[in-house]
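Given next are the chains, with one letter for each unit.
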Amino acid sequence: PLSVSWEVLEGPGPVTFDKAHSAATRATFERPGDYILRLVADDSQLWTSAQVTVHILPRGTSVIAAWEFNRNLDKEGWSEVNPGTRTQHWLDPLRPDPLWSTTSDPVKLVAGGYYIVALDASPDAYLFSPDHLNIALTGKETLLVRLQNHTPATELRIRYTTDSAPDWANAKTQTFTVVPNDPQCRTYMVKLANDSAGRVRLRQFRLDLATGQPLTGTCRIDYIWI
């Protein structure tokens, strides 16, 4: 007989399934956060599984803008600047014919639900959001960035412009601490403070992956929310 079961792979708290051995079930989450659930089916000869990601927001909050990078090769309007990587070519010394050369292209793509960027000795690599976001800043907005920082960086920086100050010379800046060479994906929160009670609108922001020191490694972004 076919048996099915639900299990929690990742999450900040316990999950209770009304029918843990049914493909269709209700789930109750005790704490806000990001969860990965897996459904496994097994008939003792073959088995298969499927995963689902669930985001539980704290009460009284909502998402007003989101980039989740769930479609392969779709950066959703984002772009990377100054990663330091470059296309490289090698010739086999035992077979120096160009037909047998090897080419390595820089990693800066969306795949598997992540925006992945490789850095090579870059002191000022950053990611640009789409322009003209037109989001009212009331003083209550928070930027959530879920990422794996696999570089030596101990802090990242958010810079953002508004409709009244569209140039980067006057950009607002928020620096936040991250775990260096992190094997895990973590969620970081950055407050987009503003005292104008909605009269100022967010135009564009950027995520500085390097803030002055040359960095080499990769940064894997799961999602960016406001």
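Residues numbered from 1 in each chain as written. Predicted model: local features only at pLDDT ≥ 70, side-chain atom pairs only at ≥ 80, totals over all residues. Heavy atoms only, no water.

Q: Can you explain the overall build of the chain? Please cite residues and give values.
A: For the chain, the helix and strand inventory stands at zero helices and 19 strands. For the C-alpha atoms alone, the extent of the chain along its principal axes is close to 70 × 60 × 30 Å. Across the 226 residues that make up the chain, the buried fraction comes to 37%. For the chain, restricting intrachain contacts to residue pairs at least 6 apart in sequence, the fraction spanning at least 24 positions comes to 68%. (Helix = DSSP H or I, 4+ residues; strand = E, 2+ residues; numbered from the N terminus. Buried < 20%, exposed > 50% of the residue type's maximum accessible area, 1.4 Å probe, protein only. Contact = heavy atoms within 4.5 Å.)

Q: Could you give an account of the side chain of Gln148, with specific residues and numbers?
A: Its location among the elements puts Gln148 in strand 14 (residues 142-150). In this structure the side chain of Gln148 is engaged in a polar contact, spanning 3.3 Å, whose partner is the backbone oxygen of Pro183. Setting aside chain neighbours within four positions, we find Gln148 in contact with Asp182, Pro183, Gln184, Cys185, Thr218, Cys219 and Arg220. (Polar contact = N/O pair within 3.5 Å; in protein donor to acceptor, adjacent residues only side chain to side chain.)

Q: Run through unusual backbone geometry, naming residues and quoting values.
A: Glycine aside, the phi torsion of most residues is negative, and most peptide linkages are trans. In this model, Ser44 sits at a positive phi of 80°, which is unusual for a non-glycine residue. Topologically, Ser44 is positioned in the loop between strand 4 (33-42) and strand 5 (47-56). Here Leu73, not a glycine, exhibits a phi torsion of approximately 70°, which is positive. Topologically, Leu73 is positioned in the loop between strand 6 (66-67) and strand 7 (79-81).

Q: Go over the nonpolar core with me, naming the residues and quoting the values.
A: Membership of the largest hydrophobic core comes to 35 residues, with the highest contact counts inside it found for Trp67, Leu143, Phe205, Leu207, Ile221 and Ile226. Per element, the largest residue contribution to this core is four residues, and it comes from strand 19 (residues 215-225). Not counting residues within four places of it along the chain, the set of residues in contact with Trp67 comprises Glu76, Trp78, Pro130, Leu133, Phe205, Asp222, Tyr223, Ile224, Trp225 and Ile226. Trp6, Val15, Phe17 and Ala41 belong to the second-largest nonpolar core, a separate cluster that totals 10 residues. (Core = buried A, V, L, I, M, F, W, Y, C linked by side-chain atoms within 4.5 Å.)

Q: Describe in detail the pattern of salt bridges, supporting the description with residues and values.
A: The full count for this structure, using the stated rule, is 12 salt bridges. One salt bridge connects Glu7 with Arg38, and the closest N-O pair in it is separated by 2.5 Å. Of this pair, Glu7 sits in strand 1 (residues 3-10) while Arg38 sits in strand 4, and the two are 31 residues apart along the sequence. Here the residues in one salt-bridge network are Glu10, Asp34, Arg146 and Asp222, joined through shared partners. (Salt bridge = Lys/Arg side-chain N within 4 Å of Asp/Glu carboxyl O.)

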